Amino acid sequence: MSRTPNRTQARAAARLAAVQALYQQEMEGTALPALLHEFHNHRLGATIEGAEYADADVAFFDDLVSGTTARAGEIDLAIEQKLAKGWTLARLDKPMKAILRAGTYELMARADVPVGATISEYVDVAHAFYERREAGFVNGLLDGIARDVRAG
């Protein structure tokens with residue numbers, strides 16, 4: 001059986017890895033070049049502690065991480081505008097922020113990816129970290145952002 005993932009699987013792996021990288025960046029303050037280097041050389045497609053990391057679309061991963069970092073202010077503002085009254089981005093835990101930031105970036109910058117696919121993929125990523133309720137939160141928030149950034 002071939003180890004070459006199809007494009008959908010490779011992009012799904014890239015999304016999960018991007019969320020992990022953005023989380024690590026927030027936790028440790030890792031500079032972007034070092035972060036990308038670490039993921040390229042030690043995470044993407046590797047086996048760590050018995051867990052095999054799927055081969056990811058590296059260019060897509062790089063775009064998600066670099067683009068999310070470059071547009072952080074714009075992305076955070078878009079997320080904050082969709083949070084319920086009294087909620088701020090600071091109240092969300094770091095994995096949730098990483099998921100929402102990567103998903104928001106993809107909706108803003110990757111018009112080549114359909115809205116439904118983007119939202120569905122980040123709901124799947126949320127399931128890797130959370131229960132159903134939080135995945136529903138990701139779905140609703142990204143859907144609201146998509147209505148703003150992909151209008152028309």
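What counts as what
- Residues numbered from 1 in each chain as written.
- Predicted model: local features only at pLDDT ≥ 70, side-chain atom pairs only at ≥ 80, totals over all residues.
- Heavy atoms only, no water.
- Axes fitted to C-alpha atoms, helices over the stretch in contact; angles between N-to-C directions.
- Helix = DSSP H or I, 4+ residues; strand = E, 2+ residues; numbered from the N terminus.
- Parallel < 35°, antiparallel > 145°, perpendicular 65-115°, else oblique.
- Left-handed = near helix turned anticlockwise from the far one by under 90°.
- Contact = heavy atoms within 4.5 Å.
- Nonpolar A, V, L, I, M, F, W, Y, C, P; charged D, E, K, R; others polar.
- 1 Å grid on protein atoms, 1.4 Å probe; cavity = no way out; pocket = protein on both sides within 12 Å on 5 of 7 lines; lining within 4 Å.
- Points joined across faces, edges and corners; volume = space filled by probe spheres on them.
- Salt bridge = Lys/Arg side-chain N within 4 Å of Asp/Glu carboxyl O.
- Buried < 20%, exposed > 50% of the residue type's maximum accessible area, 1.4 Å probe, protein only.

**A short note on the packing of helix H4 (residues 72-82) against helix H7 (residues 132-149)**
- Packing of H4 against H7 leaves a shortest axis separation of 9 Å and a crossing angle of 115°. Put simply, H4 runs roughly perpendicular to H7. Classified by chirality, the crossing of H7 by H4 is right-handed. Residues Ala 78, Ile 79 and Lys 82 of H4 pack against Leu 141, Gly 144, Ile 145 and Asp 148 of H7.
- A class-by-class count of the residues in the contact of H4 with H7 yields 4 nonpolar, 1 polar and 2 charged.

**So, the layout of surface pockets**
- Taken as a whole, the largest pocket encloses approximately 270 Å³ of empty space.
- What lines the largest pocket is Leu 83, Ala 84, Trp 87, Arg 91, Leu 92, Asp 93, Met 96, Tyr 130, Arg 133, Glu 134 and Phe 137.
- The biggest single contributor to the lining of the largest pocket is H7, with 3 residues.
- For the lining of the largest pocket, the per-class residue count stands at 7 nonpolar, no polar and 4 charged.

**Structural notes on the pattern of salt bridges**
- Taken as a whole and assessed by the stated rule, the structure comprises 12 salt bridges.
- The shortest N-O distance in the salt bridge between Arg 110 and Asp 112 comes to 2.9 Å.
- Using a relative accessible area of 15% as the deciding quantity, one classes Arg 110 as buried.
- For Arg 147, the salt bridge identified is with Asp 143, shortest N-O distance 2.7 Å. Taken together, the positions of Arg 147 and Asp 143, both in helix H7 and 4 residues apart, correspond to about one turn of that helix.
- Using a relative accessible area of 59% as the deciding quantity, one classes Arg 147 as exposed.
- Since its relative accessible area comes to 27%, Asp 143 is described here as partly exposed.

**Considering the environment of Ala 17**
- Note that Ala 17 resides in helix H1 (residues 7-28).
- Residue classification places Ala 17 among the buried positions, given a relative accessible area of 5%.
- For the pair Ala 17 and Asp 62, spaced 45 residues apart in sequence, the C-alpha separation works out to 9.9 Å.
- When neighbours within four sequence positions are excluded, Ala 17 is seen to be in contact with Phe 39, Leu 44 and Phe 61.

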